[in-house]
Amino acid sequence: MDVGQPDDFSAIEKRAYAAGSSKHYTVDAKQEFAREFVSYAIKLNALYEGSYPLSTALARPLIAKKAVEVAKREEAEAIAHGSTSKGNDQVRFDLAIKALAPNVRILAPARVWGMTREEELSFAKAKGIPVTAEHAKYSIDENLWGRSIEGEDISDPSVVVPEDAFLWTKRLREGKLELLIEFKEGVPISVNGERMELSALIKYLNVLAGSYGFGRVDHVENRVVGFKSREVYEAPAALLLISSHIDLEKTVYTPLELRFKREIDSLWSDLVYRGLWFEPLRTVLERTANELNRWIEGEVKVEVEGPGLKILGRRSQFSGLSEEISSYNKGWYPTDEMARGFIEMWGLHSLHALRVRGM
Ligand code: ARG
């Protein structure tokens with residue numbers, strides 16, 4: 001399944017036949033992933049528990065959907081996946097398959113046989129299935145939106161993640177990188193004036209911002225299966241685009257819109273993380289997000305320097321900020337009487353409560 005990860009798909013095909021497959025499909029789902037999944041992650045500022053841009057979580061329902069399409073075409077009676085019983089991915093795969101093909105059986109051999117990671121690796125070795133050195137050391141999942149890294153050596157959250165775990169965010173360039181990101185209806189459409197289709201724009205930012213060492217996440221995460229784990233990610237484009245999008249939203253929305261939007265952002269992120277892509281509420285949240293993102297137009301100027309990101313400025317035709325109103329030097333000034341009246345009534349609830357309580 002090509003969801004934008006830098007894999008060698010002909011090697012994967014060879015491996016499938018080596019493992020005993022009778023038929024192999026390579027499915028290109030890059031555009032669909034960018035347009036129907038990642039675009040909403042941007043519109044809804046998807047950061048699970050404030051940190052994880054949901055890269056792995058987002059791709060799972062799409063992978064399941066494509067697997068179901070193949071299963072239907074081949075009249076297969078079962079779909080197999082490699083998840084164990086300890087991860088979130090099994091929940092996402094199983095629920096997506098159940099939603100789309102309730103009569104197809106789900107086989108998860110690693111879960112059935114209760115295999116540990118070491119047992120999986122030695123099983124692969126015994127069966128002559130090649131596993132790259134990188135994958136032998138860490139459990140890695142990659143797609144257009146990010147790279148997830150897990151592993152025995154880094155499961156202790158106090159351990160500093162070794163440099164060899166990282167691939168997308170090696171600091172190859174010093175200095176500052178200035179970028180101008182243009183948004184239309186909440187989705188980025190150009191970088192430094194150059195228009196790009198969404199998946200190309202994301203790839204471009206991953207490589208460019210990643211080469212400055214930007215885009216790492218290291219946090220302790222609440223899994224859906226009942227326990228905490230240390231999780232490490234590389235997602236330069238995701239972090240950059242979500243930060244820029246959040247900034248533009250603050251420029252445009254009314255205070256109530258902004259507050260409401262943060263509520264639906266976190267609802268949507270939680271639902272996606274928890275494997276509930278097919279929960280009916282998701283599309284309701286997305287329609288609402290589309291409605292609110294109609295006004296998210298304009299440009300954000302950002303600067304990347306090493307692991308740091310700074311917003312340098314923003315501009316929007318729907319900006320709620322009026323210099324005429326806010327400037328300390330010109331334009332509108334409320335009179336002393338207006339200000340006093342407002343403050344008096346604004347604070348009245350609290351001041352009155354203090355008085356009756358003798359405080
Ligand atoms: N903790 C992340 C999630 O649940 C990453 C999962 C990575 N998956 C993997 N097979 N390494 O979305």
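A. A look at the overall build of the protein. On a plain count of helices and strands, the protein comes out with 14 helices and eleven strands. When each of the 359 residues of the protein is scored for burial, the buried share is 31%. Partitioning the intrachain contacts of the protein with sequence separation of at least 6 by distance along the chain shows that 72% fall at a separation of at least 24.

B. Summary view of the domain arrangement of the protein. Along its sequence, the protein is organised into domain 1 (9–315) and domain 2 (323–356). Summarising the inter-unit geometry, the C-alpha centres of domain 1 and domain 2 are found 46 Å apart.

C. Expanded view of the sheet that holds strand β6 (residues 187–191). Sheet architecture is open: five strands sit in the order β7-β6-β5-β10-β11, paired in antiparallel fashion. The strands lining the two open edges of the sheet, one partner per strand, are β7 (194–195) and β11 (308–315). Relative to the sheet, helix α8 (residues 198–210) contacts β5 (177–184), β6 and β10 (298–305), its axis offset from that of β6 by approximately 60 degrees. In this fold helix α9 (residues 236–252) packs onto β5, β6, β10 and β11, with an angle of close to 35 degrees to the strand it touches most, β11.

D. Inspection of the sheet that holds strand β9 (residues 228–234) at higher detail. An order of β3-β4-β9-β8 is seen for the four strands of this open sheet, with the pairing classed as antiparallel. Here the strands that pair on one side only, and so sit at the sheet edges, are β3 (139–143) and β8 (216–222). Between one strand axis and the next, the sheet turns by 25 degrees as a mean value, whatever way the strands run. Here β3 pairs with strand β4 (residues 146–150) via five bridges, running antiparallel.

E. Inspection of the nonpolar core at higher detail. Residues Phe33, Val38, Ala41 and Leu58 are the most contacted members of the largest nonpolar core, which totals 62 residues. Excluding residues within four positions of it along the chain, valine 38 makes contact with Phe33, Leu58, Leu144, Trp145, Leu198 and Ile202.

F. Expanded view of the site of the ligand. In the region of the ligand, the neighbouring residues are Thr56, Ala57, Asn88, Asp89, Ser139, Asp141, Ser148, Glu150, Glu221 and Glu231. Counting only elements with at least two residues in the shell around the ligand, the list comes to α3 (55–73), β3 and β4. Residues that form the shell around the ligand fall into these classes: one nonpolar, four polar and five charged.

G. Main features of the packing of α3 against helix α4 (residues 89–100). α4 packs onto α3 with a crossing angle of 40 degrees between their chain directions and a minimal axis gap of 9 Å. Looking at the two axes, α3 sits oblique to α4. Here α3 runs over α4; the crossing is right-handed. Two secondary-structure elements touch here, α3 through Thr56, Ala57, Arg60, Pro61, Ala64, Lys65 and Val68 and α4 through Asp89, Arg92, Phe93, Ala96, Ile97 and Leu100. Tallied by class, residues from the contact of α3 with α4 come to eight nonpolar, one polar and four charged.

H. Up close: the packing of helix α2 (residues 30–43) against α8. Here α2 crosses α8 at 85 degrees, and the two axes come no closer than 8 Å. Taken together, the axes of α2 and α8 are roughly perpendicular relative to one another. Seen from α2, the contacting residues are Lys30, Gln31, Ala34, Arg35, Val38 and Ser39; seen from α8, they are Leu198, Ser199 and Ile202. Classifying every residue of the contact of α2 with α8 gives four nonpolar, three polar and two charged.

I. Looking closely at the pairing of β8. Looking at chain direction, β8 and β9 are connected through seven bridges and run antiparallel. Bridge pairing in β9 places glutamate 221 opposite serine 229. What sits between β8 and β9 in their antiparallel hairpin is a turn of five residues, with glycine 226 showing a positive phi close to 105 degrees.

J. Examining α2 more closely. With 14 residues, α2 extends 18 Å between its outermost C-alpha atoms, agreeing within 8% with the 20 Å of an ideal straight helix rising 1.5 Å per residue. Along its length, α2 shows its largest kink, about 30 degrees, at phenylalanine 37. The buried fraction of α2 is high, at ten of 14 residues. Against α3, β3, β6, α8, α9 and α11 (281–293) lie the buried residues of α2. Looking one or two places after α2, you find asparagine 45, whose phi comes out positive at around 45 degrees.

K. Spotlight on the environment of alanine 200. By the element assignment, alanine 200 lies in helix α8. A C-alpha to C-alpha distance of 9.4 Å links alanine 200 and leucine 144, two positions 56 residues apart in sequence.

So, how was this worked out
- Residues numbered from 1 in each chain as written.
- Predicted model: local features only at pLDDT ≥ 70, side-chain atom pairs only at ≥ 80, totals over all residues.
- Helix = DSSP H or I, 4+ residues; strand = E, 2+ residues; numbered from the N terminus.
- Buried ≥ 20, exposed ≤ 12 C-beta atoms within 10 Å, placed from the backbone.
- Contact = placed C-beta atoms within 7 Å.
- Domains from an automatic or database assignment.
- Pairing = 2+ DSSP bridges.
- Axes fitted to C-alpha atoms, helices over the stretch in contact; angles between N-to-C directions.
- Core = buried A, V, L, I, M, F, W, Y, C linked by C-beta atoms within 7 Å.
- Near = placed C-beta within 6 Å.
- Nonpolar A, V, L, I, M, F, W, Y, C, P; charged D, E, K, R; others polar.
- Parallel < 35°, antiparallel > 145°, perpendicular 65-115°, else oblique.
- Left-handed = near helix turned anticlockwise from the far one by under 90°.
- Expected span 1.5 Å × (residues − 1).
- Bend = angle between axes of the 7 residues up to and from the residue.

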